[in-house]
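Structure at a glance
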Amino acid sequence: MLANNYLFSGSIVAIVTPMDNSGEIDFVALKNLVEHHINAGTDAIVSVGTTGEAATLSIDENVKTILKTVEFADGRIPIIAGAGANATSEAIVMTKLLNDSGVAGCLSVVPYYNKPTQEGMYQHFKAIAECTDLPQILYNVPGRTGSDLLPETVGRLSQIKNIVGIKEATGDLTRVAKIKELAGEDFIFLSGDDATGLESMKLGGQGVISVTNNVAAADMAKMCHLALAGKFDEAEVINQRLMALHTDLFVESNPIPVKWAAYRLGLIETPTLRLPLTTLSESLQPKVENALKIAGLI
């Protein structure tokens, strides 16, 4: 972890969950991925977030994958557990199961599909935070959940002692200053949008929870570390080289393209996903391959 005043910062990978051809979790490949990220300088790993296909894993599989990630990391890199759900009761069950797991904190997504009000979201995250001492990172991604956690609600939630930050995936750069104003400078702002991640850091964000990091871990680490040191011009050179990845890893729903890209680079054995997600369309594979070439990865 970076030596600064923030619990979580820098280049954080939203890691894929590798699977074999039958769709079972490949823990050997997962162990190799953890080693890869430690060696590349990644600052933390989010286990079974959106990119880790949390939505199609059972609670048992979610917890086992997180515990295995903690085991493989062996204290060398913080593990943040994806522990959100659209039912508050289920999110509480998941979070309680992780209380003594060795995770550094939890990433908890805005409830999806049921479209709660701002008060409903406040009560949801408050109830989760009160069931644990683990640090909680809010996760706002309206494009997937159908609901937007507004800065004013984030400000209210920041008053709860173990709600320490937010992954903001709207790409709306005005939110950096707004959330800092309402939640305080110590509240951690992590971008969840690779394309605007560096820009958010220029405005005071602490880092990026990244999809691109899966295939460009060393570059993302270097870029984020330069940005945290205020060396934005040097960071921008790397960011521009990665921009095609930042955009083209979303030509189909995440994690379809990034799993294919990780497979293309030999980081995982298969690009298998669980239904209803399917492997990257053949017509789009050249586009993702070209982004890897532009980034200098192949």
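In this text the structure is predicted, and so the values were computed from the model without any measurement. (Residues numbered from 1 in each chain as written. Predicted model: local features only at pLDDT ≥ 70, side-chain atom pairs only at ≥ 80, totals over all residues. Heavy atoms only, no water.)

Observations concerning the overall build of the protein chain
- Secondary structure summary: the protein chain contains 12 helices and eight strands in total.
- The C-alpha radius of gyration of the protein chain comes to 18 Å, within 12% of the 19 Å expected for a compact globule of 298 residues.
- C-alpha atoms of the protein chain, sized along the principal axes, occupy 45 × 45 × 35 Å.
- Here the protein chain, with 298 residues, has 56% of them falling under the buried criterion.
- Long-range contacts, defined here as pairs at least 24 residues apart, represent 71% of the contacts in the protein chain between residues at least 6 apart.
- On the protein chain, roughly 12,000 Å² of surface is accessible, and the fraction owed to carbon and sulfur atoms is 51%.
- Side chains of the protein chain carry 23 positive and 34 negative charges; the gap between the two charge centres is 0 Å. (Helix = DSSP H or I, 4+ residues; strand = E, 2+ residues; numbered from the N terminus. Rg over C-alpha atoms; globule rule 2.2 N^0.38 Å. Buried < 20%, exposed > 50% of the residue type's maximum accessible area, 1.4 Å probe, protein only. Contact = heavy atoms within 4.5 Å. Areas by Shrake-Rupley, 256 points an atom, 1.4 Å probe, with all protein chains shown as cover. Lys, Arg positive; Asp, Glu negative; His and termini not counted. Charge placed at Lys NZ, Arg CZ, Asp CG, Glu CD.)

Structural notes on the environment of Leu30
- Note that Leu30 resides in helix H1 (residues 27-40).
- Taking the C-alpha atoms as reference points, Leu30 and Phe72, 42 residues apart in sequence, are found 8.4 Å from one another.
- Those residues in contact with Leu30 that lie beyond four places of it in its chain are Ile15, Val16, Pro18, Thr65, Thr69 and Phe72.

Topic: the UniProt feature "site: Part of a proton relay during catalysis" (unreviewed entry) in the protein chain
- Those places that UniProt annotates as "site: Part of a proton relay during catalysis" (unreviewed entry) correspond, in this numbering, to Thr50 and Tyr113.
- Among the secondary structure elements, Thr50 is positioned in the loop between strand S2 (44-47) and helix H2 (59-73).
- For Thr50, a relative accessible area of 24% puts it in the partly exposed group.
- Relative to the helices and strands, Tyr113 resides in the loop between strand S4 (105-109) and helix H4 (118-129).
- Look at Tyr113 and you get exposed, because its relative accessible area is 74%.
- Once residues within four sequence positions are removed from consideration, Tyr113 is found in contact with Asn86 and Thr145. (UniProt positions renumbered as here; feature names shortened; annotations may be inferred.)

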